[in-house]
Amino acid sequence: MERRTIGAGALSAGAVGLGCMPMSWGYSTSRQHGQESLRAVHRALDLGATLLDTADMYGPFTNELLLGRVLKERRADAFVSTKVGLLVGDQHIVANGRPGYVKRACDASLRRLQTDVIDLYQLHRADPEVPVEETWGAMAELVRAGKVRALGLCAVGARSGRRPGSRLHDGTIRQLERVQQVFPVSAVQAELSVWSPEALHALLPWCETRGVGFLAAMPLGNGFLTGTLTPGGGFEADDLRARHPRFTAEMMAANQPIVAGLRRVARRHGEDVTPAQVALAWVLSRGRQVIPVPGTKRERWVAENAAAAGLRLTGRDLAEIARLPAAQGSWD
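All of these numbers come straight from a predicted model, not from anything done at the bench.

**Details of the pattern of salt bridges**
Once the charged atoms of two side chains with opposite charge are near each other, the side chains can pair.
Move 1: Under the defined criterion, the tally for this structure stands at 17 salt bridges.
Move 2: Note that Glu64 is salt-bridged to Arg112, the shortest N-O span being 2.7 Å. Of this pair, Glu64 sits in helix 2 (residues 62-74) while Arg112 is found in helix 3 (residues 99-113), placing the two residues 48 residues apart along the sequence. We note that Glu64, like Arg112, is buried.
Move 3: With its nearest N and O atoms 3.0 Å apart, the salt bridge here joins Glu320 to Arg264. Here Glu320, found in helix 12 (residues 315-322), pairs with Arg264, found in helix 9 (residues 256-269); they are 56 residues apart in sequence, far enough to count as distant.
Move 4: For Glu320, a relative accessible area of 12% puts it in the buried group.
Move 5: Within this structure, Glu2, Arg4, Arg288 and Arg312 form a network of salt bridges that share partners.

**Digging into the pairing of strand 7 (residues 92-95)**
Move 1: Pairing analysis gives 4 bridges linking strand 6 (residues 86-89) to strand 7, with the strands arranged antiparallel. Bridge pairing in strand 7 links Leu87 to Val94.
Move 2: Hairpin connection of strand 6 to strand 7: 2 residues between the antiparallel strands, including Gln91 at a positive phi of 65°.

**Points about helix 2**
Move 1: The end-to-end C-alpha distance of helix 2 is 19 Å, a good match for the 18 Å that 13 residues give at a rise of 1.5 Å each.
Move 2: Along helix 2, the sharpest kink reaches roughly 30°, centred on Gly68.
Move 3: For helix 2, the full list of buried residues reads Asn63, Glu64, Leu66, Leu67, Gly68, Val70, Leu71 and Arg74.
Move 4: Contacts made by the buried residues of helix 2 are with helix 1 (34-46), strand 4 (51-53), strand 5 (79-84) and helix 3.

**With respect to the packing of helix 6 (residues 170-180) against helix 7 (residues 203-210)**
Move 1: As a packed pair, helix 6 and helix 7 sit with axes 10 Å apart at the nearest point and diverge in direction by 25°. Relative to helix 7, the element helix 6 is oriented roughly parallel. Between helix 6 and helix 7 lies a crossing of right-handed hand. For the pair helix 6 and helix 7, contact is made by Thr172, Ile173, Leu176, Glu177 and Gln180 and by Leu203, Trp206 and Arg210, respectively.
Move 2: Taken together, the residues that form the contact of helix 6 with helix 7 break down as 4 nonpolar, 2 polar and 2 charged.

**Re the packing of aromatic side chains**
Move 1: Scanning the model with the defined rule gives 4 aromatic pairs in all.
Move 2: Here Trp195 and Phe247 contribute two aromatic rings whose centre-to-centre distance is 5.9 Å and whose plane-to-plane angle is 75°, an arrangement assigned as edge-to-face. With Trp195 in the loop between strand 10 (187-191) and helix 7 and Phe247 in the loop between strand 11 (213-217) and helix 8 (249-254), the pair connects residues that are 52 residues apart, well separated along the chain. One exposure class covers both Trp195 and Phe247, and it is buried.
Move 3: Ring geometry for Phe235 against Phe247: centres 5.8 Å apart, planes inclined by 85°, an arrangement best described as edge-to-face. Separated by 12 residues along the polypeptide, Phe235 in the loop between strand 11 and helix 8 and Phe247 in the loop between strand 11 and helix 8 bring together distant segments of the chain.
Move 4: Judged by relative accessible area, which is 24%, Phe235 ranks as partly exposed.

**Examining the environment of Ser196**
Move 1: Tracing the backbone shows Ser196 in the loop between strand 10 and helix 7.
Move 2: Ser196 sits in the buried class, given a relative accessible area of 0%.
Move 3: For Ser196 and Ala327, which are 131 residues apart along the polypeptide, the C-alpha to C-alpha distance reads 7.7 Å.

**A word on the sheet that holds strand 3 (residues 18-19)**
Move 1: The 8 strands lie next to each other as 3-4-5-8-9-10-11-12, forming an open sheet whose pairing is parallel. Strand pairing shows two members of the sheet lacking a second neighbour, strand 3 and strand 12 (290-293), which therefore form its edges.
Move 2: In this sheet, strand 12 lies alongside strand 11 in parallel orientation, the contact comprising 4 bridges. Bridge pairing in strand 12 links Ala216 to Pro292.
Move 3: Set on the sheet, helix 7 makes contact with strand 10, strand 11 and strand 12; between it and strand 11 the angle comes to about 150°.

Calculation criteria
Residues numbered from 1 in each chain as written. Predicted model: local features only at pLDDT ≥ 70, side-chain atom pairs only at ≥ 80, totals over all residues. Heavy atoms only, no water. Salt bridge = Lys/Arg side-chain N within 4 Å of Asp/Glu carboxyl O. Helix = DSSP H or I, 4+ residues; strand = E, 2+ residues; numbered from the N terminus. Buried < 20%, exposed > 50% of the residue type's maximum accessible area, 1.4 Å probe, protein only. Pairing = 2+ DSSP bridges. Expected span 1.5 Å × (residues − 1). Bend = angle between axes of the 7 residues up to and from the residue. Contact = heavy atoms within 4.5 Å. Axes fitted to C-alpha atoms, helices over the stretch in contact; angles between N-to-C directions. Parallel < 35°, antiparallel > 145°, perpendicular 65-115°, else oblique. Left-handed = near helix turned anticlockwise from the far one by under 90°. Nonpolar A, V, L, I, M, F, W, Y, C, P; charged D, E, K, R; others polar. Phe/Tyr/Trp six-rings, centres within 6.5 Å; stacked < 30°, edge-to-face > 60°.

Okay, structure coming up:
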């Protein structure tokens, strides 16, 4: 698989990564199977999808433990990305950016992942009670101590934290400008997909001009852009989509023209090409520093997603995708 550079530190990873969260958290618990997930991780590494994206809060902790079982055998094959800054409680999630906590959390992640260094350590959310410079400074000390190779900022929660009337990523960019004065940002992780393209307007250009890598979260729209979800099919109670405005039966039906458009493009490239692969190829075409990180827990989807790295969309394809209707329904 083609490799892409992450930040100015010459770190690189496969052009398509693997989001590991669904293996342990956020989606239907009844469909989470440890052995199947382990096979999916091994398959990703075999195919060159080397970036494994996790976080200490996924589970919590169980996702890092699962990856540790693979990394114990194949650390040299993987680019390990994990996150710090969020604590999971009973029915709530809180931010913790205190420097002492960040350092302890890193040591705990290293133990669970069974490695002596994390390739990319991301701040999951800034703590409103702690100046972000203090949190970032503690993370920079971890780089200097040799426990971490590079630092990143996760902006997936930008929607909930923006000010009235502001653009989606204005707050994220302000944070980035602040932490960049303390220690270089190597990567930003934010949502980017055919039906959620907001990062193209300001955040991705910010990254491009500064040589910062961009990890595209939810590039398949939480599964919607794969074309495998049925409107009205329902989700298990613990699945995050069960409470999501875009995943009501009405909104899923209303947004089917987006999937139909991706399917039309796929057919031009061959019978085996899928809407999901077209959606990932679109993300890949947004820039050489962009790495989509689709989440899955199944070996089959890992292979399909990895194959998207070899799909080259034409000018006609891109123009057709640009003409697709905007997604209906709130994303908040």
